[in-house]
Amino acid sequence: MNENHRVPQWAPRLPKKIIHQLYLNDALGIHDEGLIDDVGYRLLMRCRSFIIANKAVRGKATCPVCSSIIPHHKRKDEFLVCNCGWKLSWGEYFATIQHKQLSGAEPVIMLFMKFVKQFPVSRSYKNKILLIDEVIHGFHWYAKNNTPTRPVAINLIEGRLKDVIDFLDALSYSTKSVSELSQTKRVWDENVKYVRSWVPNDQQSNDKQPRDKKNVKE
Ligand SMILES: [Zn+2]
């Protein structure tokens, strides 16, 4: 593909099996540095993609060739033109973002930014797993009455919304697990009750889930 018309690439959501393995190992008291870095850096790349995509949708696209920021007016036929020679219509750029679970409001972006900043400078296994645990158990919030709407795991882990919730519900814990994880789990259990109140059991597609401001029981 011509460099001058390259479309942006977004890091994929994570496969469940590596997160499952991380929590299983942790519950067995096995601290696998290779595995935790694999999970952490995949999450970091995904969070970074999410942040860049949201910034683009808000009018500041990132050039996929040189990373310069290109302000735009969100008109589909408008061309994003970079000093490096790259050029693409906003319509084509936006099409790479849609239906990829790359959308969220400010609190989610802040949560992901914290992870992107702190994971690479975390040295101990414990710090790393606490950061991973915090980010995968986060929620989108309905600002009007401050209730959780969707888990952010849908933006980070492969699968339909119900699968991802069931997956996090079933992660392994034991007395050998890093002790703070049980606190995150308690908060998750409380928040996920609201979400389950509207997630249909037969939900067919990630893309058909309610938006944050629609269909949420108040
Ligand atoms: Zn450029």
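Scroll up to find the structure this text is about.
As the structure is a computational prediction, the values presented were derived from the model and not from experiment. (Residues numbered from 1 in each chain as written. Predicted model: local features only at pLDDT ≥ 70, side-chain atom pairs only at ≥ 80, totals over all residues.)

## Some words on the overall build of the chain
Link 1 in the chain: Scanning the chain for helices and strands turns up 8 helices and 6 strands.
Link 2 in the chain: Put simply, the chain runs from its N terminus to its C terminus through helices and strands in the order α-α-β-β-β-β-α-α-α-β-β-α-α-α.
Link 3 in the chain: For a compact globule of 218 residues, the expected C-alpha radius of gyration is about 17 Å, and the chain comes in at 19 Å, within 12% of that figure.
Link 4 in the chain: Judged by the C-alpha coordinates and their principal axes, the chain covers about 55 × 40 × 25 Å.
Link 5 in the chain: Relative to its full complement of 218 residues, the chain shows a buried share of 28%. (Helix = DSSP H or I, 4+ residues; strand = E, 2+ residues; numbered from the N terminus. Rg over C-alpha atoms; globule rule 2.2 N^0.38 Å. Buried ≥ 20, exposed ≤ 12 C-beta atoms within 10 Å, placed from the backbone.)

## Re helix α2 (residues 33–57)
Link 1 in the chain: Taking 1.5 Å of rise per residue, the 25 residues of α2 would be expected to cover 36 Å, and the 36 Å separating its terminal C-alpha atoms lies within 8% of that figure.
Link 2 in the chain: Positive phi shows up at glycine 59, right after α2, with a value of about 105 degrees. (Expected span 1.5 Å × (residues − 1).)

## Focus: the environment of lysine 87
Link 1 in the chain: Tracing the chain through its elements places lysine 87 in strand β4 (residues 87–89).
Link 2 in the chain: The exposure class of lysine 87 is partly exposed, given the 14 C-beta atoms found within 10 Å.
Link 3 in the chain: It is 44 Å that separates the C-alpha atoms of lysine 87 and tyrosine 194, two residues lying 107 residues apart in sequence.
Link 4 in the chain: Dropping the residues within four chain positions of it, lysine 87 is found in contact with Asn4, His5, Phe79, Leu80, Val81 and Cys82. (Contact = placed C-beta atoms within 7 Å.)

## A few points about the nonpolar core
Link 1 in the chain: Membership of the largest hydrophobic core comes to 41 residues, with the highest contact counts inside it found for Leu43, Phe115, Ile136 and Ala153.
Link 2 in the chain: Taken together, the elements giving at least two residues each to this core come down to α1 (16–27), α2, α3 (90–95), α4 (106–118), α5 (125–136), α6 (153–156) and α7 (161–169).
Link 3 in the chain: Top contributing element to this core by residue count: α2, with 10 residues.
Link 4 in the chain: Ignoring sequence-local partners within four residues, the contact set of leucine 43 consists of Leu14, Phe115, Ile132, Val135 and Leu156. (Core = buried A, V, L, I, M, F, W, Y, C linked by C-beta atoms within 7 Å.)

## Looking at the packing of α1 against α2
A pair of packed helices is captured by two measures, namely the crossing angle of their axes and the spacing between those axes.
Link 1 in the chain: Orientation of α1 relative to α2, taken along the N-to-C sense of each, is 140 degrees, at an axis distance of 10 Å. With respect to α2, the axis of α1 lies oblique. Here α1 and α2 pass one another in a crossing that is left-handed. In this structure, α1 contributes Ile18, Ile19, Gln21, Leu22 and Asn25 to the contact, and α2 contributes Leu35, Ile36, Asp38 and Val39.
Link 2 in the chain: Counted by class, the contact of α1 with α2 contains 6 nonpolar, 2 polar and 1 charged residues. (Axes fitted to C-alpha atoms, helices over the stretch in contact; angles between N-to-C directions. Parallel < 35°, antiparallel > 145°, perpendicular 65-115°, else oblique. Left-handed = near helix turned anticlockwise from the far one by under 90°. Nonpolar A, V, L, I, M, F, W, Y, C, P; charged D, E, K, R; others polar.)

## Some thoughts on unusual backbone geometry
Link 1 in the chain: Positive phi values are uncommon outside glycine, yet serine 67 reaches one of about 70 degrees.
Link 2 in the chain: Phi at asparagine 146 is positive, roughly 55 degrees, even though this residue is not glycine.
Link 3 in the chain: Note on asparagine 146: 7 C-beta atoms within 10 Å, which makes it exposed.

## Section: the pairing of strand β6 (residues 147–151)
Link 1 in the chain: With 4 of 5 residues buried, β6 lies mostly within the body of the structure.
Link 2 in the chain: Hairpin connection, strand β5 (residues 139–142) to β6: the antiparallel pair is bridged by 4 residues, and asparagine 146 has positive phi, about 55 degrees. (Pairing = 2+ DSSP bridges.)

## Examining the packing of α2 against α4
Link 1 in the chain: Look at α2 against α4: their axes get within 9 Å of each other, and the N-to-C directions meet at 135 degrees. As far as their axial angle goes, α4 and α2 are oblique. In terms of crossing hand, the pair formed by α2 and α4 is left-handed. Across from Leu43, Leu44, Cys47, Arg48, Phe50, Ile51 and Asn54 in α2, the residues of α4 making contact are Ile109, Phe112, Met113, Phe115 and Val116.
Link 2 in the chain: Residue classes in the contact of α2 with α4 are distributed as 10 nonpolar, 1 polar and 1 charged.

## Section: the pairing of β5
Link 1 in the chain: Examined bridge by bridge, β5 and β6 share 3 bridges and lie antiparallel to one another. Counted as the bridge partner of tryptophan 141 is proline 148 from β6.

## Digging into the environment of tyrosine 194
Link 1 in the chain: Among the secondary structure elements, tyrosine 194 is positioned in helix α8 (residues 181–196).
Link 2 in the chain: For tyrosine 194, a count of 15 C-beta atoms within 10 Å translates into the label partly exposed.
Link 3 in the chain: Measuring from C-alpha to C-alpha, the distance between tyrosine 194 and proline 148 comes to 6.7 Å, with 46 residues separating the pair along the chain.
Link 4 in the chain: With residues near it in sequence (within four places) discarded, tyrosine 194 still touches Thr147 and Pro148.

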